[in-house]
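Chain by chain, the residues run as shown.
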Amino acid sequence: MLDIKYIREHVNEIKENCEKRRVVVDVDKLLGLDKEQRDLRQQIDTLRAERNKKSRGKPTPEEIDKMKTVGGEIAKLEKEFSEGEGEFTALMYGLPNLTHPDVPAGKDESENQVVRKVGEPTTFSFQPKEHYELGEALGMIDIERAAKVTGSRFGYLKGDIARLEFALIQHALSVVTDERVLQEIIAKKNLTVPAKPFTPVVPPVMIRPDVMHRMGRLEPKEERYHIPSDDLYLVGSAEHTLGPMHMDETLTEADLPLRYIGFSTAFRREAGSYGKDTKGILRVHQFDKLEIESFTFPEHGEAEQDFIIAIQEYLMQSLGIPYQVIFNCTGDMGAPDYRQFDIESWLPGQNRYRETHTSDYMTDFQSRRLNIRVRRKNDETEFVHMNDATTFAIGRTLIAIMENYQEQDGTIRIPDVLQQYMSGKTVIQ
């Protein structure tokens, strides 16, 4: 949510930002309601002051009658204010975050910009297979049985492919919880952030709709799995329950930066993706993720995102997966995002790059809605800035490993950094 004072003072900027981000909000109506609400609040406060003044001492019968009349007027105005507040808040929540000035303008993902490519696309002396062909031949990815049990877009991971998932988790945790490794990443990229490690978290996978709404991630609802009997949503990422961990709290300066890495199963209905990526585990309803959530001082938020992207790249390079970093355009960003980058990994079986990571910097857009503040040493409080990012979308990372490390006989080499978590195995066969 944006600051209403900023909206009043930058009307044209707000309207232009909505247009760039292809979001329709009646800003003029919002400002009209804002004025009406402020006028009503002033009237209510004036009447309350009048009533309080007359209630002091021993009021006369006439003054008592007058106070009753004033009380009725206050109740009427408060009802009017309450009704207007709902419409005003809905419009405020409909506004997207402001956009970093460097974000490229564009209508959709086709106008995203490639920032850099790292590693050359893997080449083979044979025709590379797609991950589901490799997994089925090895008996380690079973879509057919999952379809009988649960339906389409689910799968069983078995054997060493299942073990590889846990190896990825262990590898990521070994990096982000190690201050020395983080210092190396910071020094290599010449960043100005502290090397404070991330705290591992296993968060809930269900969330109340009002909290999801405050996160700015409830929409599009058709993408979410809802449990009507309990009025709970299944999360689409660990960030959905990591972000609100400190809602309605005031942190101290010593707390920041507050960094978490959360592991959870995630659920998405994949509405609108009928016919797309139906084979294998690339686009499924249930998948596992490691997700970063970070809370910082406002002046450190942008540098924190640069640091998080550096971690993502460090992990990808440690696996030896070719990738490209994408700067998302205005039409391909979530409403809470001020600046967003994706990483796309090279998939030889598909002969193209596919998204495996994202990094979202939200400024104080989410923290304002969640009411997460930091108290400065001068005793003033302000909203923290928030970042979230993919550490590993595990299913998609497994795909990238399988396709880039495949051999002609259908076996899969295990990346060197993961072998220690696979009992020293070097090949999946």
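See the structure printed just above.
This text gives an overview of the structure that appears in the document.

Each value, and the rule that gives it
- Residues numbered from 1 in each chain as written.
- Predicted model: local features only at pLDDT ≥ 70, side-chain atom pairs only at ≥ 80, totals over all residues.
- Heavy atoms only, no water.
- Buried < 20%, exposed > 50% of the residue type's maximum accessible area, 1.4 Å probe, protein only.
- Helix = DSSP H or I, 4+ residues; strand = E, 2+ residues; numbered from the N terminus.
- Arc of directions from axis to C-beta.
- Contact = heavy atoms within 4.5 Å.
- Pairing = 2+ DSSP bridges.
- Phe/Tyr/Trp six-rings, centres within 6.5 Å; stacked < 30°, edge-to-face > 60°.
- Lys NZ or Arg CZ within 6 Å of the ring centre and 35° of its normal.

A few words now on helix H5 (residues 131-138). Among all positions in H5, only His131, Tyr132, Leu134, Gly135 and Leu138 are buried. The buried residues of H5 all sit within an arc of 160 degrees when viewed along its axis, so they share a single face. Its buried side turned inward, H5 meets strand S2 (141-142), helix H13 (394-404), strand S17 (412-413) and strand S18 (427-428). Two residues or fewer after H5 comes Gly139, characterised by a positive phi angle close to 70 degrees.

Bringing the pairing of strand S14 (residues 372-375) into the picture now. Judged by which residues are buried, S14 turns out to be one-sided: Ile372 and Val374 face inward and are buried, whereas Arg373 and Arg375, on the alternate face, are not. Sheet topology places strand S8 (residues 249-252) next to S14; 4 bridges connect them, and they run parallel. Note on S14: the bridge partner recorded for Thr250 is Arg373. Two strands pair when backbone bridges link them, and S14 and strand S15 (residues 381-383) are joined in this way by 3 bridges, in the antiparallel orientation. From the neighbouring strand, Val374 faces S15, where its bridge partner is Glu382. Count of turn residues in the S14/S15 antiparallel hairpin: 5 residues, of which Asp379 carries a positive phi of about 75 degrees.

Before going further, it helps to examine the packing of aromatic side chains. Under the criterion given, the structure shown has 6 aromatic pairs. Ring geometry for Tyr260 against Phe295: centres 6.3 Å apart, planes inclined by 80 degrees, an arrangement best described as edge-to-face. One end of the pair, Tyr260, is in strand S9 (residues 258-267); the other, Phe295, is in strand S10 (residues 286-296), and 35 residues separate them in sequence. This pair shows no difference in class: Tyr260 is buried, exactly as Phe295 is. Between Tyr338 and Tyr361, the ring centres sit 5.7 Å apart and the planes meet at 85 degrees, which makes this aromatic pair edge-to-face. Taken as a pair, Tyr338 in the loop between strand S11 (323-327) and strand S12 (339-347) and Tyr361 in strand S13 (residues 352-363) lie far apart in primary sequence, 23 residues in all. Taken individually, Tyr338 and Tyr361 each receive the classification buried, so the pair is uniform in this respect. Residue placement shows Arg41 over the ring face of Phe81; its charged tip is 4.6 Å from the ring centre. The ring of Tyr93 carries Arg369 above its face, with NZ or CZ at 3.9 Å from the centroid.

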